[in-house]
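Structure assessment
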Amino acid sequence: MATHNEPQLPATPLEVAVVGHTNTGKTSLLRTLTRNPEFGEVNDSPGTTRHVEGIQLLIGETPVIEFFDTPGIEDAIGLADYIDRLCPREERLDAWERIDRFLDSVESRRRFEQEARVLKKMLDVDAALYVIDTRDPMLSKHKEELATLASCGRPILPVLNFTRHKYQRVDEWREGLTRLAMHAIVEFDTVAPPLDGEDQLYERLAVLLDRHAATLRTLQDNIRTQRQQRRQEAYRLLAELLVDVAALRISTPANPAALEETTQVLRDLVRQREQHCLQALLTHYNFRREDFLQHTLPLEGERWGMDLFSPQTLKEAGIEVGKGAAAGAAAGFTVDLITAGLSLGSGTLIGAAVGGAWQGLDRFGKRLLGKLRGYQEVTVDNSVIRLLAARQTALIQALEQRGHAARDPITIDIDRVAGFHDAQLPDTLIETRSNPQWSTLGDAFEPSVRRQRLIERLAQTLGESQITEGQIT
Ligand SMILES: Nc1nc2c(ncn2[C@@H]2O[C@H](COP(=O)(O)OP(=O)(O)OP(=O)(O)O)[C@@H](O)[C@H]2O)c(=O)[nH]1
Ligand SMILES: [Mg+2]
C-alpha cells in the first residue's frame, strides 16, 4: 500500500493531446513543458506539424504524462459544414456518432486529413490542451473548432499563448471562453512562461481530471523540486567561478613589462573561465549553444562582448570602480604590495586590510619574502569580480525565465541584478582572496573540504540575494 511519502505514479501515463488552430504554438508549448528545444518542428507558418507525435514526461524512469502534438486545425468552418451535411438533423445523431461518421467519410482522408488526425487522437486521450494565439480576436472559426473538439467528450483546458505580446487580447478570450462554459483557463506564454506557469497548468488540469489529481499533484511537486535543485546547482556553478577568479594570484617580477605580461595571462584565464561557466549554465538549463552563435548574442554581442577588464564596462554596469581596476596597464587588477618602499610594518598592515583573513603568518611571510626579492603578486580586482557575478546572475535569471520554445537571443538585463553594484564582496569571497590554493586556475590548486564548504555557502548567499518578491523558489 502506498504510504504518505511515496509519490503516486500511474501504471500507465496520462494521455493529453495538444490541439488548436494552426500556428498557435502547440509544438512550442510542448518544447517548453518538456524542456526539450529539439522536439518537433516549429515554424512561423501554418501547417508545420503534419502528424501526431508523442512525447513523455517522466518522474525518474516512470512516464507520468504522454503529450501528443497534433497538426493545426485549418478549416474549422468547412469541417463543421461538412459534418452537418454528413449527419442530417432528422437522424438525431449524438456528438460521438457524428465524429465517428466523419472519421469514416471520404473527406476525412482527403480535404480534412489533418483535422481527422486531430479528432481521432481526441477520442483516445484523457484530456486536451487547446492552445490559443491571444493576438487573434475570438472568431467563429475558433468557436466551431472548440465545439467540434468538445464533441469528442474529453475535458479541454484552454492555454492562452502569446500573453506577453503587445497586442494580446487575454481578457477578451477569457470572456469569450467563459461564455462557452469553459471556466478553467491557464495563461502560459510558451516563450516566456510565468515562473509558476507549469504549476498553474497542472493545477487546472487536476481540476478537470479528478481521477488523475493525485498523479498531477505528484508531478507538480516533482517540478517544484527540480526547479529548486536546478537553481541551487546554477548558483553553485557561479560560486565556483567566483572562487576560481577571486583566489587566483600570480607572482611576477617587479617590473612593468613582466607585470603587463602577467595581467594578460590573468585576463585570458578569467575570460576563458567565464565562458566555461556560461557554457555550463546553458547546458545545465538545457539550452543550446547554437542559439547564441546564430544570434551572436550574448557571447560576442554588444553587451556581453564588452570587455570584463575595461573600466568603461564596469562603469556602464553601474559598478563602482576600484583603484586597481582603473590603473592603466594593470586595469582590472590589484597588485599586492606593489607600492614602492613599503616597510615590512606597513606591508603587514596593508596585507591584512586587502586580504582580510590571512591564513597565518606562514603564507603571508612567504609573500613578503617574494616582494623583498623583487616579486609581486597580481590578483583580479574586486570590481571585476562583482561584474562577473552580476553578469552570470543576470544570465541565470534569464535562463530561469526562458521557455524552451524561445528562438530569439537571450537578453541580459544586468541592471536588474541586486546586490553587486556597490556592495562589498561577501565574506566568503574575501576569505577566498587570501587562499590562492582554492583557484583551479592557478598552479597551487589543492582541493579541500573547506573550499567545498565555502563554495556551498557562497552559492546559497548568491541565490538568496536574488530572490525577489513573488518569485517562486
Ligand atoms: N513570441 C512568441 N512566439 C511564439 C510563442 N509561441 C509560439 N511562438 C511562435 O509561433 C510560431 C508557431 O509556433 P509553432 O509551435 O510551430 O505552432 P504550432 O501551433 O505547432 O503550428 P502548426 O504545427 O503549424 O499548427 C513559431 O514561430 C513560434 O516561434 C509565444 O508564446 N511567443
Ligand atoms: Mg506544430
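Residues numbered from 1 in each chain as written. Chains lettered and ligands numbered in written order. Predicted model: local features only at pLDDT ≥ 70, side-chain atom pairs only at ≥ 80, totals over all residues.

A short note on the overall build of the chain
In terms of regular secondary structure, the chain is built from 18 helices and 9 strands. Put simply, 74% of the contacts in the chain that link residues at least 6 apart link residues at least 24 apart. (Helix = DSSP H or I, 4+ residues; strand = E, 2+ residues; numbered from the N terminus. Contact = placed C-beta atoms within 7 Å.)

A few points about the pairing of strand E1 (residues 14-20)
Of all 7 residues in E1, 6 are buried; the element is thus mostly enclosed. Pairing analysis gives 5 bridges linking E1 to strand E3 (residues 62-69), with the strands arranged parallel. In the sheet register, leucine 14 faces E3, and the bridge partner there is isoleucine 65. As judged from the 5 bridges shared by E1 and strand E4 (residues 127-133), these two strands associate in the parallel manner. Each bridged residue has a counterpart across the sheet, and for valine 18 the counterpart in E4 is leucine 129. (Buried ≥ 20, exposed ≤ 12 C-beta atoms within 10 Å, placed from the backbone. Pairing = 2+ DSSP bridges.)

Concerning the site of ligand 1
Looking at ligand 1, there are 22 residues lining it, with Gly25, Ser28, Thr48, Thr49 and Gly72 nearest. At 3 residues, the largest contribution of residues to the shell around ligand 1 is made by helix H1 (residues 26-34). (Near = placed C-beta within 6 Å.)

A word on unusual backbone geometry
You will see that alanine 181, though not glycine, has its phi angle at about 65°, which is positive. Mapped onto the elements of the fold, alanine 181 is located in the loop between helix H6 (170-179) and strand E6 (186-187). Although it is not a glycine, asparagine 286 sits at a positive phi angle of roughly 65°. Structurally, the position occupied by asparagine 286 is in the loop between helix H9 (256-284) and helix H10 (289-295).

Description of the environment of valine 19
Note on placement: valine 19 falls in strand E1. A C-alpha to C-alpha distance of 9.9 Å links valine 19 and leucine 146, two positions 127 residues apart in sequence. Discounting residues that sit within four places of it in the chain, valine 19 has contacts with Thr70, Val118, Met122, Ala128, Tyr130 and Leu149.

Observations regarding the nonpolar core
Residues Val18, Met122, Ala128, Leu129, Tyr130 and Val159 are the most contacted members of the largest nonpolar core, which totals 47 residues. Counting residues in each nonpolar core, the second largest holds 41 residues, with Leu242, Ala246, Val384 and Ile414 among its members. (Core = buried A, V, L, I, M, F, W, Y, C linked by C-beta atoms within 7 Å.)

What about the sheet that holds E3?
Within a beta sheet, neighbouring strands are joined by backbone hydrogen bonds and run either parallel or antiparallel to one another. Strand order in this open sheet of 6 strands is E2-E3-E1-E4-E5-E6, and the pairing throughout is mixed. The open sheet has two edge strands, strand E2 (53-59) and E6, and neither has a second partner. The sheet contact formed by E4 and strand E5 (residues 156-161) spans 6 bridges and is parallel. The residue bridging isoleucine 132 from the neighbouring strand is leucine 160, located in E5. Against the sheet, helix H5 (residues 140-150) makes contact with E1, E4 and E5, and its axis sits at roughly 175° relative to E4, the strand it touches most. (Axes fitted to C-alpha atoms, helices over the stretch in contact; angles between N-to-C directions.)

A look at the environment of leucine 395
Summarising the element assignment, leucine 395 is placed in helix H16 (residues 382-400). For leucine 395 and leucine 278, which are 117 residues apart along the polypeptide, the C-alpha to C-alpha distance reads 8.1 Å. In this view, leucine 395 contacts Leu278, Leu281 and Ile412; residues no more than four positions away in its chain are not counted.

Digging into the packing of helix H7 (residues 197-208) against helix H8 (residues 213-247)
At their nearest, the axes of H7 and H8 sit 9 Å apart, and the two run at 170° to each other. Accordingly, the angle class assigned to the pair H7 and H8 is roughly antiparallel. Judged by residue contacts, Glu198, Asp199, Tyr202, Glu203, Leu205 and Ala206 of H7 engage Ala213, Leu216, Arg217, Leu219, Gln220 and Ile223 from H8. (Parallel < 35°, antiparallel > 145°, perpendicular 65-115°, else oblique.)

A closer look at the confidence of the model for the chain
With 77% of its residues at a pLDDT of 70 or more, the chain has an overall mean of 82. Below a pLDDT of 50 lies the segment residues 293-305, which in the model reaches 16 contacts outside its immediate sequence neighbourhood of four places, other chains included. Predicted confidence for residues 337-364 stays below pLDDT 50, and this span has 26 contacts to residues more than four positions away or in other chains. (pLDDT = per-residue confidence, 0-100.)

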